[in-house]
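Take a look at the letters that make up each chain.
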Amino acid sequence: MGNIIPSQSSMIIFILAFISLPILLHSIPFIVLHGISDQCTSKGVNQFTEQLLQFSGAEGFCIEVGNGAWDSWFLPLEQQTEIVCNKVKEMKELSKGYNIVGLSQGNLIGRGILEFCDGGPPVKNFVSLAGPHAGTASVPLCGSSVFCIIADTLIKSEIYSDFIQDHLAPSGYLKLPNAIPDYLEHCKFLPKLNNEIPEKRNSTYKERFSSLQNLVLIMFEHDTVLIPKETSWFGYYPDGAYNPILPPQQTKLYIEDWIGLKALDEAGRVKYIAVPGNHLGISKSDMKKHVVPYLVDSTENGKINGGDVGVYGAHQRDSEHGKRQKVVPEVEEKLSSSVVLEGSSSYDCPQQSRVSSVNYLGLRGI
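Criteria and cut-off values
- Residues numbered from 1 in each chain as written.
- Predicted model: local features only at pLDDT ≥ 70, side-chain atom pairs only at ≥ 80, totals over all residues.
- Heavy atoms only, no water.
- Pairing = 2+ DSSP bridges.
- Helix = DSSP H or I, 4+ residues; strand = E, 2+ residues; numbered from the N terminus.
- Axes fitted to C-alpha atoms, helices over the stretch in contact; angles between N-to-C directions.
- Contact = heavy atoms within 4.5 Å.
- Core = buried A, V, L, I, M, F, W, Y, C linked by side-chain atoms within 4.5 Å.
- Buried < 20%, exposed > 50% of the residue type's maximum accessible area, 1.4 Å probe, protein only.

A few words now on the sheet that holds strand β4 (residues 98-103). Spatially, the six strands line up as an open sheet ordered β3-β2-β4-β5-β6-β7, and their pairing is parallel. Strands with a single pairing partner mark the edges of an open sheet, and in this sheet they are β3 (60-62) and β7 (270-275). Geometrically, the sheet is characterised by an average inter-axis angle of 15° between neighbouring strands, direction not taken into account. In the packing of helix α2 (residues 43-56) onto the sheet, contacts are made with β2 (30-33), β3, β4 and β5 (123-129), and the angle to β2 comes to roughly 160°. The strands touched by helix α5 (residues 106-116) are β2, β4 and β5; relative to β5, the strand with the most contacts, the crossing angle is about 160°.

Below, the structure written as C-alpha cells:
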C-alpha cells in the first residue's frame, strides 16, 4: 500500500497540472503568395515568411511561380494560378487544409486557387495584405529594369487587347472605370474571378469563396500603388466615373453578392482592417495583431481567439501523430513597431537576357 499512495498522489498532481495548462493551440500550414516584381528569395518576402513562422509556430511555405519576379509581370494570372494550384495539390503538408497569406497581386492568385482549383485542399483562412480585389485603375509602378521598360511599352498599347492580356499579368485586373464594356469583354482574369459577367456567373466560385472561415482584408492607409487603395477591401469606383470611391457594401459585387462576400460579411467572417504605412509596409506589431491569430486555431473548437497575440515558439509534441502543436505562453515581449515588409522589391534582369526577352515578346525599340 505504501507504494500505491505516492502513485495516486502523483496522478492527482498530474491531472491538476494538466488542467491548469494554457489551452493547446494547433496550427495548420500556411502559404505566402508574393506580389508583383518580387520573389520568395527576396529579402523582404523571405523575412516576412520567416517572421510568420516564428510568431505562429505554424508550418509555412512561400510558393514561387516560375522564376519569380519576371513571371509575376509577364505570365498571365490564369497560368500563374494553375501553376500554384498544381503545387498545393502535390504538397502533402497541405492535404488537410491550409491558410493563405497574400501580398498585393499574390492575393488574386490566392483567390484563383480558392475559386478555380478543382480537387485542391480546403482553404481555411485567407489573410490579404493590399490585395487589388476589385481591380486597380493604374498598373503598379515598376522602375527602370528591363522588364519594366517592356511593361511600359505594353501598357502604352491597348490594355484589353489579346496580346497584352496574354503577356502582361497586371492587365488581368486593370479595371478602367471609363472602359467597363471593354473590361468585361476582354479582360481575362478579374471579371471571371469576381463573377462580374451575368451570363457566366459560376455558383461554384461563390460557394468556395463563401466557405472561408475568415477573410481578413488589410488596407494600407497611405497606399499609393493601388488605385484606389480601398480596392483592398473590395471598394472601388462606380462604373463610368473616377469618383466617388464606393465602400465595398455599396458595390454591385457586394449588393448582388456575386462571390459570397456579403454572405461572409453578414456571418461576421470578414475583417476590414486599416493599418498605417504605404503599400505592404506592415510592422511586426501589426503582423502579430492582424495576421498571426488567423494562422493559429484552438484545438477545442477551431475558432480564432480574439485580442493581441503574444510570444510564440513553445511546442508540445502530439503523441498520436508525432507532430508538433502550439502552446501560447503569456505575453512578456513588447511588440516591435519596425517594418518587416516594405513593398515589392526591385528586380533587374541580366543584360544578356534582354535581347531574347524582347524578341520573345515581339517588341522593338526598347
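Next comes the rest of the description.
If you look at the biggest cluster of nonpolar residues, it comprises 55 residues, and the most contacted ones within it are Leu215 and Leu261. Top element by residues in this core is α5. It accounts for five residues. Setting aside its immediate chain neighbours within four residues, Leu215 contacts Phe126, Phe209, Phe234, Leu261, Leu264, Arg269, Val270 and Lys271. Judged by nonpolar contacts, the second largest core, of 25 residues, contains Leu129, Ile273, Val291 and Tyr294.

Turning our eyes to something else, we now look at the pairing of β2. A regular strand places its side chains so that they alternate between the two faces of the sheet. Here β2 shows no split at all, with Phe30 and Val32 on one side and Ile31 and Leu33 on the other all buried. As paired strands, β2 and β3 are joined by three bridges and run parallel to one another. The residue of β3 that forms the bridge with Val32 is Cys62. Of the strand pairs in this sheet, β2 and β4 are connected by four bridges, and their pairing is parallel. Pairing of Phe30 across the sheet is with Asn99, part of β4.

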